[in-house]
Amino acid sequence: MSPSLTLRTLASALVVAGLGLIHADSASAADAKDARKAAKSQNAQAKKALAKKARAAKERPLVPAAATVSIPDRVDSLKVVKQPGRPLLPLGPSQVGAHSLTAPALDELVESEAAKAGIPLAERISDDQFVRRAFLDVIGELPSPADINDYLADTTPDRKAKLIERLLAMPQFGKNWGRYWRDVVVYRSAVADRRMSGMGEVEWFADRLNANVPWDKIVTQIVTAKGPTTESPQAFFFAAHEGKPEEIIGEMSRIFMGVQIACAQCHDHKTDPWKRDQFHEMASFFGKSAIRRRRDLAMQAGVPFVIEVVAARPDREYKKPDEKDPAKPGEVVPPVFLSGQSIPLEATDAQRRQTFAGLLTSKRNTYFAKAFVNRTWSELTGRGFVNPIDDLGPDRPTTMPRTFAALTRSFAATDYDVKELFRVILNSRAYDRRFAEPKGSESDAWAISPARLTSDQLLDAIDWVVGMVDDNRETGNRNRPGVRGLFRAAFGYDPSSDQQDVESSIPQALALMNNPNLSERINATTEGSLLSKILSTQSSDDKAIELLYLRALARKPTSKERETCLAYIAEVGKRNEAYEDILWSLLNSTEFLFNH
Amino acid sequence: MDRTIMSARIGKSGRVSRRAFLRTLSVGSAGLAALGWQDQLLAAAPALKKAQKSVIVLWMQGGPTQFETFDPKGGEHGCQTKTIPTAIPGVQIADFWPNVAKSMKDIALIRSMTNKEGNHQRATYQLHTGYVPSGTLRHPCFGSLVTKEIAPQDFDLPGFVSVIGPSAGSGFLPVAYGPFRVGDPSKLPSNAEVTTSITRFDRRLALLGKLESSYAEAGATRRVEDHAGVYHQAARLSKSPKLKAFDVSAEPEKTQAAYGESAFGKGCLLARRLVEAGVTYVEVTLNGWDTHQSNHDRVQALAGQCDVAYAALLADLKARGMLDHTMVVWMGEFGRTPRVNPAGGRDHFPRAFCAAISGMGIAGGKVIGKTSEAGNEVVDRPVSIQELFFTMAERLGIDPTKENQSPVGRPLKIVDGGKRIGELFA
């Protein structure tokens with residue numbers, strides 16, 4: 001059996017187990033709309049006429065353009081308007097000074113805050129553990145035994161900084177984090193095939209993150225996305241949320257600001273101060289955009305769907321549904337940002353979204369930097385300064401508030417330089433301490449907490465240990481799903497959820513324990529398998545065990561583990577069988593599944 | 001219990017982290033670490049245990065037409081379908097359903113389901129969770145909610161099984177309550193069978209246990225324990241004699257024949273076997289109801305599979321005395337337009353559609369609600385999605401107003417509003 005077949009079959013077996021979201025009926029809102037339209041047109045002729053009309057509409061607007069209105073280019077000149085009974089999202093100072101932070105300065109802050117709180121910080125981790133952690137965190141892959149040995153052999157004082165630079169410069173950095181942001185955005189979509197995604201967004205993110213495009217620029221491109229997903233993959237955000245202003249704003253606010261306003265859609269927020277009106281005023285920024293399904297482009301590109309973001313008809317207004325009687329038409333609502341700046345109702349779609357992007361990414365909106373810093377810190381250390389990581393408030397209990405504030409200021413001061421933020425955190429002592437599991441106590445947030453590998457990381461890790469994946473598409477379509485998409489359906493999780501709440505499932509365990517094709521790749525008798533290579537070249541069990549551990553767990557076995565394995569080999573008597581069981585155990589171990 | 005409260009992580013608005021809560025339950029119950037979450041929950045609170053009750057949902061994916069199923073309008077509106085009498089005098093259904101017509105004494109028909117959502121994905125979500133999709137929050141599937149409340153403790157098989165599927169996930173509830181998916185009912189679930197001898201499999205598990213100790217000692221005690229818990233359950237399923245419940249070919253040929261040859265028919269038979277073995281919630285999917293073209297012919301083909309299987313399931317459950325504690329619900333995400341479109345199809349229509357419900361004390365032979373002659377609106381006793389779920393929950397002995405906490409501490413009722421459909425029991 002070819003190695004490439006192996007993982008694909010493992011993945012498809014998982015989906016046969018039906019873990020996939022893939023078989024879901026994928027008709028979209030656009031379908032429903034088509035259907036309704038079709039229902040209205042009682043005969044084919046009327047339908048044709050409609051199509052003709054639609055074609056014509058592409059060339060000239062059916063409705064005369066609304067009166068133009070001028071919006072200042074600089075959103076900071078928009079006035080904050082206070083209204084009685086309405087809280088405003090607090091704005092930061094209008095000038096951000098030079099506050100960029102270095103790793104030693106970060107350590108000083110963390111250590112002084114820990115000392116003040118009386119929390120003892122954990123010891124530093126060993127070098128091999130540091131290498132595995134840094135590889136997984138930055139590029140999402142396991143280090144090779146050579147990577148570990150090189151690091152251990154390097155005696156220069158800046159070897160850590162060099163390794164971090166090397167990893168940040170690898171193209172896998174963008175891919176690993178592109179996948180992360182893809183998951184953050186699509187995981188809560190109600191639409192199954194959008195959760196599978198595959199609109200080119202991972203590559204889109206990867207290109208930008210690798211080129212170190214500042215975070216505000218990346219987000220602005222998402223907010224102001226126009227055109228079909230084939231040309232503008234960043235439109236995947238709108239596609240994931242069906243172009244619905246209410247869902248887009250709820251998610252934009254949660255993801256990019258860490259402010260949860262979605263509860264205020266139907267009633268004033270119960271635990272936060274937000275009013276229902278404020279939710280709809282925020283949604284109004286997206287009230288003049290729409291999506292449509294482009295079957296023609298999907299056919300051309302050979303993908304399951306293409307969604308295009310367009311400006312809605314200029315006479316469409318965003319309306320807030322009547323609270324008591326949803327059947328009523330509702331009241332037209334102007335776009336007003338949570339911090340109190342508004343633009344007139346006459347603003348076009350482009351003006352609304354451009355303004356929104358400006359207000360969102362403005363350095364005065366500290367929540368923009370906070371949300372990114374809190375997520376990044378949480379991904380790298382296992383816990384956010386504020387948890388849940390996407391619920392920053394205002395007014396949430398914060399661990400290490402000074403450190404959080406300093407990192408946030410620094411991120412803004414460096415003009416949202418993503419790699420620089422990584423560099424500062426990765427080079428700090430705060431990053432290379434031993435992990436500790438949360439114990440439900442005060443000290444949890446100060447420790448590095450183990451995090452489950454993402455589905456992509458796990459697939460790559462299995463691939464690295466036992467086989468090869470030939471099909472490296474991010475996702476495929478429903479009929480021919482890519483191995484990655486399938487694996488994600490089985491092992492994926494919402495990256496915004498608390499790591500403590502991410503649990504493994506029985507089907508996952510069954511797949512790793514019993515999958516016939518994975519077993520085949522574990523077998524010492526399979527041609528070209530890892531064990532066939534190791535066992536045919538290593539007559540020493542000591543060396544062979546060490547090689548297996550280095551490969552699978554990126555570390556040498558402890559003396560106890562070595563003894564356990566040797567005793568096991570002696571007990572079983574058959575060398576091949578014993579090694580297969582050892583490799584099976586390593587692939588099924590907790591340690592293999594976690595970044596710690 | 002002091003320890004319990006002290007070690008639970010309490011967040012804003014007094015919420016206790018779900019994980020921490022579950023964890024604390026096991027603190028006082030040594031030896032339970034190897035069990036799954038639901039076991040621990042139930043072990044910690046025996047009062048939660050209910051008499052064994054089960055649900056089988058026959059999910060008609062795509063939006064089943066009401067006209068060619070259970071609310072026919074004779075020759076009107078492009079209906080080529082004839083109506084036939086049923087076992088209940090005065091109640092007629094479409095002639096594609098001769099077997100169901102004979103079983104009507106065991107079925108309560110709701111002809112007045114009404115909703116607003118005409119998009120497949122969103123309506124499917126709503127009819128699986130009872131909630132309108134919200135973007136920021138993934139709601140748990142009703143099957144997960146039910147499993148959490150009433151699935152038996154210490155049990156080899158999963159509490160919630162989705163056949164053909166995909167059904168919907170556990171949302172913000174633990175994945176342990178999510179559906180165990182069986183794509184092809186004629187095969188055992190993927191990866192369920194051990195690839196080595198049982199002796200070697202046990203030997204491997206023992207080695208794994210030994211090799212896990214260094215990671216546990218390095219500080220990952222809980223992760224290792226949790227992992228062992230899931231592996232214990234998975235291994236238990238793999239080795240369980242109850243795994244045979246998944247093997248429909250073990251049924252007598254006569255029984256297999258009664259359910260029909262289709263995958264859906266086998267799925268219904270599998271559902272009966274699983275419920276018999278003690279599974280709490282089984283959903284069986286029949287795809288293809290999105291009949292925008294050639295509605296009449298396509299529904300005829302679908303009914304050909306569904307009619308025999310549905311009727312056989314009811315008869316089989318009844319013959320085995322299982323219908324008293326098993327609820328069978330036939331439903332889809334919406335209905336279809338009264339008008340037939342130029343392609344001979346019917347389009348999406350959430351305003352009026354059908355559902356059918358049987359078992360567990362529900363009065364068979366009843367018809368709830370009525371649509372207008374044109375079939376374009378409900379004229380009597382509209383039934384909302386919440387009312388349907390409320391009634392199902394209550395029948396299962398679950399308080400529909402009981403709250404679960406979302407990850408940000410928002411309380412969410414098992415069923416958000418609604419009330420009992422009293423007519424089902426009169």
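Residues numbered from 1 in each chain as written. Chains lettered and ligands numbered in written order. Predicted model: local features only at pLDDT ≥ 70, side-chain atom pairs only at ≥ 80, totals over all residues. Heavy atoms only, no water.

1. Remarks on the overall build of chain B
For step 1, the next point in the chain: Check the secondary structure of chain B and you find 12 helices and 16 strands.
For step 2, the next point in the chain: Here chain B holds 426 residues, and the buried ones make up 62% of them.
For step 3, the next point in the chain: Across chain B, every contact between residues at least 6 apart in sequence was considered, and the portion connecting residues at least 24 apart equals 70%.
For step 4, the next point in the chain: Of the roughly 15,100 Å² of accessible surface on chain B, a fraction of 53% belongs to carbon and sulfur atoms. (Helix = DSSP H or I, 4+ residues; strand = E, 2+ residues; numbered from the N terminus. Buried < 20%, exposed > 50% of the residue type's maximum accessible area, 1.4 Å probe, protein only. Contact = heavy atoms within 4.5 Å. Areas by Shrake-Rupley, 256 points an atom, 1.4 Å probe, with all protein chains shown as cover.)

2. Some points on the overall build of chain A
For step 1, the next point in the chain: Looking only at helices and strands, one finds 28 helices and 7 strands in chain A.
For step 2, the next point in the chain: Out of the 596 residues belonging to chain A, those deemed buried represent 60%.
For step 3, the next point in the chain: Counting contacts in chain A only where the partners sit at least 6 residues apart, residues at least 24 apart contribute 71% of the total.

3. Section: the nonpolar core
For step 1, the next point in the chain: Membership of the largest hydrophobic core comes to 119 residues, with the highest contact counts inside it found for L58, W97, F246, Y310 and W330 of chain B.
For step 2, the next point in the chain: Counting residues per element, this core draws most heavily on helix α11 (residues 295-319) of chain B, which supplies 10 residues.
For step 3, the next point in the chain: Excluding residues within four positions of it along the chain, W97 of chain B makes contact with E68, T69, F70, I84, W289, A303, C306, D307 and W330 of chain B.
For step 4, the next point in the chain: The next biggest cluster of nonpolar side chains, apart from the first, holds 107 residues, and it includes I148, L163, I307 and F385 of chain A. (Core = buried A, V, L, I, M, F, W, Y, C linked by side-chain atoms within 4.5 Å.)

4. Describing the pairing of strand β7 (residues 281-287) of chain B
Residues and elements named next belong to chain B.
For step 1, the next point in the chain: β7 sits mainly inside the fold: 6 of its 7 residues count as buried.
For step 2, the next point in the chain: Bridging between strand β1 (residues 54-61) and β7 involves 7 bridges; their strand directions are parallel. The residue bridging Q61 from the neighbouring strand is N287, located in β7.
For step 3, the next point in the chain: Sheet analysis places strand β5 (residues 160-163) next to β7, joined by 4 bridges and oriented parallel. Each bridged residue has a counterpart across the sheet, and for V161 the counterpart in β7 is V282. (Pairing = 2+ DSSP bridges.)

5. Structural notes on the confidence of the model for chain B
Residue and element names in this part refer to chain B.
For step 1, the next point in the chain: Residue-level pLDDT values for chain B average 87, and 87% of them are 70 or greater.
For step 2, the next point in the chain: In the predicted structure, residues 1-50 sits below a pLDDT of 50 and forms 91 contacts with residues beyond four places in sequence or in another chain.
For step 3, the next point in the chain: This prediction of the complex comes with two scores: 0.80 for pTM and 0.85 for ipTM. (pLDDT = per-residue confidence, 0-100.)

6. So, the pattern of salt bridges
All names here are of chain A.
For step 1, the next point in the chain: What the rule picks out here adds up to 74 salt bridges over all chains.
For step 2, the next point in the chain: The salt bridge partner of R182 is D183, with a shortest N-O separation of 2.7 Å. For the residue pair R182 and D183, the accessibility class agrees, reading buried in each case.
For step 3, the next point in the chain: Put simply, R188 and D494 hold a salt bridge, and the shortest N to O gap is 2.7 Å. Taken as a pair, R188 in the loop between α8 (171-186) and α9 (192-196) and D494 in the loop between α21 (483-491) and α22 (506-514) lie far apart in primary sequence, 306 residues in all.
For step 4, the next point in the chain: Overall, the relative accessible area of 14% leaves D494 in the buried class.
For step 5, the next point in the chain: Each of the salt bridges in this network shares a partner with another, and the network as a whole consists of R179, R182, D183, D456, D460, R484 and R488. (Salt bridge = Lys/Arg side-chain N within 4 Å of Asp/Glu carboxyl O.)

7. Quick look at the confidence of the model for chain A
Residue and element names in this part refer to chain A.
For step 1, the next point in the chain: Taken as a whole, chain A shows an average pLDDT of 86; of its residues, 86% reach a score of 70 or greater.
For step 2, the next point in the chain: Here residues 1-6 scores under 50 on pLDDT; set against residues more than four positions off or in separate chains, the count is 12 contacts.
For step 3, the next point in the chain: The low-confidence segment residues 15-43, where pLDDT is below 50, has 71 contacts with residues more than four positions distant or belonging to other chains.

8. Remarks on the sheet that holds β7 of chain B
Residue and element names in this part refer to chain B.
For step 1, the next point in the chain: Ordered in space as β6-β5-β7-β1-β8-β11-β4-β12, the 8 strands form an open sheet in which the pairing is mixed. In this open sheet, the two strands that pair with only one neighbour each are β6 (180-182) and β12 (367-368).
For step 2, the next point in the chain: Seen against the sheet, helix α10 (residues 263-277) touches β1, β5, β6, β7 and β8 (326-332) and runs at an angle of roughly 180° to β7.
For step 3, the next point in the chain: Across the sheet, α11 touches β1, β7, β8 and β11 (353-358), and the angle it forms with β8 is around 165°. (Axes fitted to C-alpha atoms, helices over the stretch in contact; angles between N-to-C directions.)

9. Some thoughts on the sheet that holds strand β3 (residues 307-311) of chain A
All names here are of chain A.
For step 1, the next point in the chain: With antiparallel pairing, the 3 strands of this open sheet are ordered in space as β1-β3-β2. At either end of the open sheet lies a strand with only one pairing partner, and these are β1 (227-228) and β2 (289-293).
For step 2, the next point in the chain: With 5 bridges joining them, β2 and β3 adopt antiparallel strand pairing. Opposite S289, over in β3, you have A311 as the bridge partner.

10. Focus: the packing of aromatic side chains
For step 1, the next point in the chain: Enumeration over the complete set of coordinates arrives at 35 aromatic pairs over all chains.
For step 2, the next point in the chain: When the ring of W204 of chain A is compared with that of F205 of chain A, the centres are 5.3 Å apart and the planes differ by 80°; the resulting orientation is edge-to-face.
For step 3, the next point in the chain: On the basis of relative accessibility, which here comes to 5%, the residue W204 of chain A falls in the buried class.
For step 4, the next point in the chain: Each ring, one from F142 of chain B and one from Y281 of chain B, has its centre 6.3 Å from the other, and the planes form 70°; the classification is edge-to-face. On the criterion of sequence distance, the pair formed by F142 of chain B in helix α6 (residues 142-150) and Y281 of chain B in strand β7 is long-range, its members being 139 residues apart. Neither residue differs from the other here; F142 of chain B and Y281 of chain B are each classed as buried.
For step 5, the next point in the chain: Among the aromatic side chains, those forming a connected cluster through ring pairs are F173, W177, Y180, W181, W215, F237, F256, F368, F372, F411, Y416 and F422 of chain A.
For step 6, the next point in the chain: Above the face of the Y151 of chain A ring, R159 of chain A is positioned so that its terminal group lies 4.3 Å from the ring centre.
For step 7, the next point in the chain: Between the NZ or CZ atom of R551 of chain A and the centre of the ring of W464 of chain A, over which it lies, the distance is 4.2 Å. (Phe/Tyr/Trp six-rings, centres within 6.5 Å; stacked < 30°, edge-to-face > 60°. Lys NZ or Arg CZ within 6 Å of the ring centre and 35° of its normal.)

11. Some words on α21 of chain A
For step 1, the next point in the chain: In terms of burial, α21 of chain A is largely enclosed, as 8 of its 9 residues are buried.
For step 2, the next point in the chain: What α21 of chain A keeps buried is the set V483, R484, G485, L486, F487, R488, A490 and F491 of chain A.

12. Some remarks on the packing of helix α20 (residues 455-466) of chain A against α21 of chain A
Residues and elements named next belong to chain A.
For step 1, the next point in the chain: At a minimum axis distance of 8 Å, the contact between α20 and α21 shows a crossing angle of 115°. As for how α20 packs across α21, the hand of that crossing is right-handed. Seen from α20, the contacting residues are S455, D456, L458, L459, D460 and I462; seen from α21, they are V483, R484, F487, R488 and F491.
For step 2, the next point in the chain: Classifying every residue of the contact of α20 with α21 by side-chain character gives 6 nonpolar, 1 polar and 4 charged. (Left-handed = near helix turned anticlockwise from the far one by under 90°. Nonpolar A, V, L, I, M, F, W, Y, C, P; charged D, E, K, R; others polar.)

13. So, the side chain of H120 of chain B
Residues and elements named next belong to chain B.
For step 1, the next point in the chain: For H120, the location among the structural elements is in helix α5 (residues 120-129).
For step 2, the next point in the chain: H120 gets classed as buried once you look at its relative accessible area, which sits at 1%.
For step 3, the next point in the chain: Reaching out from H120, the side chain makes a polar contact with the side chain of H348 at a distance of 3.0 Å. (Polar contact = N/O pair within 3.5 Å; in protein donor to acceptor, adjacent residues only side chain to side chain.)

14. Quick notes on the pairing of β11 of chain B
In regular strands, side chains alternate between the two faces of the sheet.
Residues and elements named next belong to chain B.
For step 1, the next point in the chain: Of all 6 residues in β11, 6 are buried, a share of seventy percent or more.
For step 2, the next point in the chain: Residue alternation in β11 divides its side chains into two sets, F353, A355 and I357 and C354, A356 and S358, and both sets are buried.
For step 3, the next point in the chain: With 4 bridges joining them, strand β4 (residues 108-113) and β11 adopt antiparallel strand pairing. If you follow A108 over to β11, its bridge partner there is I357.

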